[in-house]
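A look at the structure
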Amino acid sequence: MQRGLRVELQRIILLVLALSIAGFFNGYIGLTLLVGGGLYMGWTLLKVLRLYQWLDGGGQGIPPESTGVWGDISDQLYRLQKRNIRTRDDLRAVVKRIRKITSALDEGLIILDEERSVDWWNPAAAKLLGLRKEDLYQPITNLLRTPAFVQFIQSGAFKLPLELPAPNAPQRLLQFSARVFGDNEMALVIMDITRLRQLEEMRKEFVGNISHELRTPLTVLTGYIETLQDQDMHNLPPAWPKALQQMGQQTERMNLLAEDLVMLSRLESTDVSVKTPINLDALFEPIIDNARVLSEGKHKINFTSCEQALLEGDAKELHSALSNLVYNAVKHNPEGCDINIAIKRNDAALTISISDTGLGIDPLHIPRLTERFYRADSSRATQSGGTGLGLAIVKHVLLRHNGELKIESTLGKGAAFTCRFAQH
Ligand code: ADP
């Protein structure tokens, strides 16, 4: 039993005993007990009143001195109060620290409530978006009215960030990322990516220019090598024929590399040219002819198509992407493999799949295959004479045609590359 309660009980028993004895002597037991009990209650009520007053005053300082049950209650309240003060101070310190951290960030941070009104922002957000005090508690879509932003906030699909010119400085590019947390609140992170984009543009321009500039010296080199190879080899030193052959092969590789790089930088830096309806059967005809020449009869190439195998697009780009996939199936697979090209159409999409029964690709490599110069098997790939840029070109061409590339493969059983174009 609690000490205070015990003291209180002892006190009541003693009081009743004393009152009973006094009542016995004065002959008014009932009245004595009633008066004594009343006084005791009055005394207790006085202590409760003091406790109330202390609580009404916000529980500041030390609670009123008391013994028994009320003493215990005062002590407990005092302890609780001290713990609360400590927790409140800790929380204040955490909030202060978080404020300091978010103030030091270059990235803007805005907290939106469940109605997507602005609840809080850090100084960087205010600077990037030009926010003022009166914007607090306003719906964010009233402050940033660009349709793409309104759709971004309303869509709830925040996997990909949104890029927009800054509202108060259109020459600057901002990237918005959003995450929902807690009670359907939202954290909006804003980054100034102007410099990043400038560097990316510079990189693209540099690669585009250098690959373009390489073409002229390479053409001259190829020309001289061919002229020398046309000479009577008997008049040349014995080491020359092999050297000339290798020089020819390597310049040819560099030519292909420069061509692919020029193509990639064009795909990255220009908008899609005018799209026309392309007959895919006709597009595949020369690709399959060339693949058969490349294969030298070592692979069986099958082609199946459907009615209305038509696709809106740029013939040169689609030729480049699809031929890369077919030539890859030949280049990366040994003799005796089947290569199946199939065009299918339904109400939802047109799909072109290029599959083979060859060596396949370890699924580990699949997510990275469309990166530039990424090769699943470098020794095999170098022998095949590829540039390592084929699938990067495929990815870019498909992106420009609103298509997607799906790669499926089981090591040792072959690979399937499916291009899917949604029908509108
Ligand atoms: P490359 O010039 O090396 O062919 P790509 O970008 O076209 O470059 O292909 C990247 C890598 O993907 C290749 O090096 C090869 O390892 C793998 N690959 C592509 N197609 C196939 C295929 N049909 N079968 C097996 N591996 C393939």
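Only a predicted model underlies this, so the values are computations on that prediction, with no experimental measurement involved. (Residues numbered from 1 in each chain as written. Predicted model: local features only at pLDDT ≥ 70, side-chain atom pairs only at ≥ 80, totals over all residues. Heavy atoms only, no water.)

**Here we look at the overall build of the protein**
Looking only at helices and strands, one finds 12 helices and 12 strands in the protein. Relative to the globule expectation of 22 Å for 424 residues, the C-alpha radius of gyration of the protein, 41 Å, shows a markedly less compact shape. A principal-axis box enclosing the C-alpha atoms of the protein has dimensions of 150 × 55 × 50 Å. When the 424 residues of the protein are sorted by exposure, 36% land in the buried category. Residue pairs in contact within the protein that sit at least 24 positions apart in sequence constitute 57% of those at least 6 positions apart. Summed over its atoms, the accessible surface of the protein is roughly 26,500 Å², and 58% of this surface lies on carbon and sulfur atoms. Seen as two clouds, the 48 positive and the 48 negative side-chain charges of the protein have centres 10 Å apart. (Helix = DSSP H or I, 4+ residues; strand = E, 2+ residues; numbered from the N terminus. Rg over C-alpha atoms; globule rule 2.2 N^0.38 Å. Buried < 20%, exposed > 50% of the residue type's maximum accessible area, 1.4 Å probe, protein only. Contact = heavy atoms within 4.5 Å. Areas by Shrake-Rupley, 256 points an atom, 1.4 Å probe, with all protein chains shown as cover. Lys, Arg positive; Asp, Glu negative; His and termini not counted. Charge placed at Lys NZ, Arg CZ, Asp CG, Glu CD.)

**Some remarks on the pattern of salt bridges**
Applying the stated criterion across every chain, the model contains 15 salt bridges. Glu134 is the salt-bridge partner of Arg132, the closest N and O atoms lying 3.7 Å from each other. Owing to a relative accessible area of 48%, Arg132 belongs among the partly exposed residues under this scheme. With a closest N to O distance of 2.9 Å, Arg368 and Glu371 form a salt bridge. With a relative accessible area of 42%, Arg368 lands in the partly exposed category. Connected via shared salt-bridge partners are Arg132, Glu134 and Asp135. (Salt bridge = Lys/Arg side-chain N within 4 Å of Asp/Glu carboxyl O.)

**Re a nonpolar patch on the surface**
On the surface, Leu5, Leu9, Ile12, Ile13, Leu14, Val16, Leu17, Ile21, Phe24, Phe25, Ile29 and Leu33 cluster together into a nonpolar patch covering about 1,100 Å² of accessible area. Those elements that provide at least two residues to the nonpolar patch are helix H1 (3-26) and helix H2 (29-56). With 10 residues, the single largest contributor to the nonpolar patch is H1. Following the sequence through the fold, Ile12 ends up in helix H1. Taking the relative accessible area as the measure of exposure, Ile12 reaches 34% and is therefore partly exposed. (Patch = residues over 30% accessible without salt bridge, like charges linked within 9 Å, V, L, I, M, F, W, Y side chains within 5 Å.)

**Some details on the nonpolar core**
Counting residues in hydrophobic clusters, the biggest one holds 45 residues, and the most contacted among them are Leu280, Phe284, Leu322, Ile352, Ile354 and Phe421. Contributions of two or more residues to this core are made by helix H8 (240-269), helix H9 (280-295), helix H10 (315-331), strand E9 (338-345), strand E10 (349-356), helix H12 (390-400) and strand E12 (414-422). Broken down by element, this core gets its largest block of residues, 8 residues, from H10. Every residue in contact with Phe421, bar those within four places of it in the chain, is listed here: Leu311, Leu318, Ala348, Ala349, Leu350, Ile352, Leu398, His401, Asn402 and Gly403. Leu128, Ala169, Phe176 and Ala178 belong to the second largest nonpolar core, which has 25 residues in total. (Core = buried A, V, L, I, M, F, W, Y, C linked by side-chain atoms within 4.5 Å.)

**Focus: the domain arrangement of the protein**
Interface size is often expressed as the accessible area that is lost when the parts come together. What the domain assignment lists for the protein is domain 1 (2-98), domain 2 (105-192), domain 3 (197-269) and domain 4 (276-422). Just the C-alpha atoms count here: the centres of domain 1 and domain 2 sit 55 Å apart. (Domains from an automatic or database assignment.)

**Some remarks on the packing of aromatic side chains**
Per the counting criterion, the structure on display carries 5 aromatic pairs. Both rings, one in Phe24 and one in Phe25, keep their centres 5.6 Å apart while their planes meet at 75°; by these two values the pair is edge-to-face. Like Phe24, the residue Phe25 is exposed in the burial classification. Geometrically, the ring pair formed by Tyr40 and Trp43 is tilted, given 5.9 Å between the ring centres and 45° between the ring planes. Of this pair, Tyr40 and Trp43 both sit in helix H2, separated by 3 residues, roughly a single helical turn. For Tyr40, a relative accessible area of 17% corresponds to the buried category. (Phe/Tyr/Trp six-rings, centres within 6.5 Å; stacked < 30°, edge-to-face > 60°.)

**Concerning a negative patch on the surface**
Residues Glu114, Glu115, Asp119 and Asp183 make up a contiguous surface patch of negative charge. The residue Glu115 is located in the loop between strand E1 (108-112) and strand E2 (118-121) in this model.

**Thoughts on the site of the ligand**
The environment of the ligand is made up of 21 residues, and the closest members are Asn328, His332, Thr387, Gly388 and Leu391. Taking Asn328, its side chain carries an N or O atom lying 2.8 Å from an oxygen atom of the ligand. Contact between the ligand and His332: an oxygen atom at 2.8 Å from a side-chain N or O atom of the residue. Protein contacts shield 99% of the accessible area of the ligand, which totals 530 Å² for the unbound molecule. When contributions to the shell around the ligand are tallied by element, the ones reaching two or more residues are H10, helix H11 (378-384) and H12. (Near = heavy atom within 4 Å. Polar contact = N/O pair within 3.5 Å; in protein donor to acceptor, adjacent residues only side chain to side chain.)

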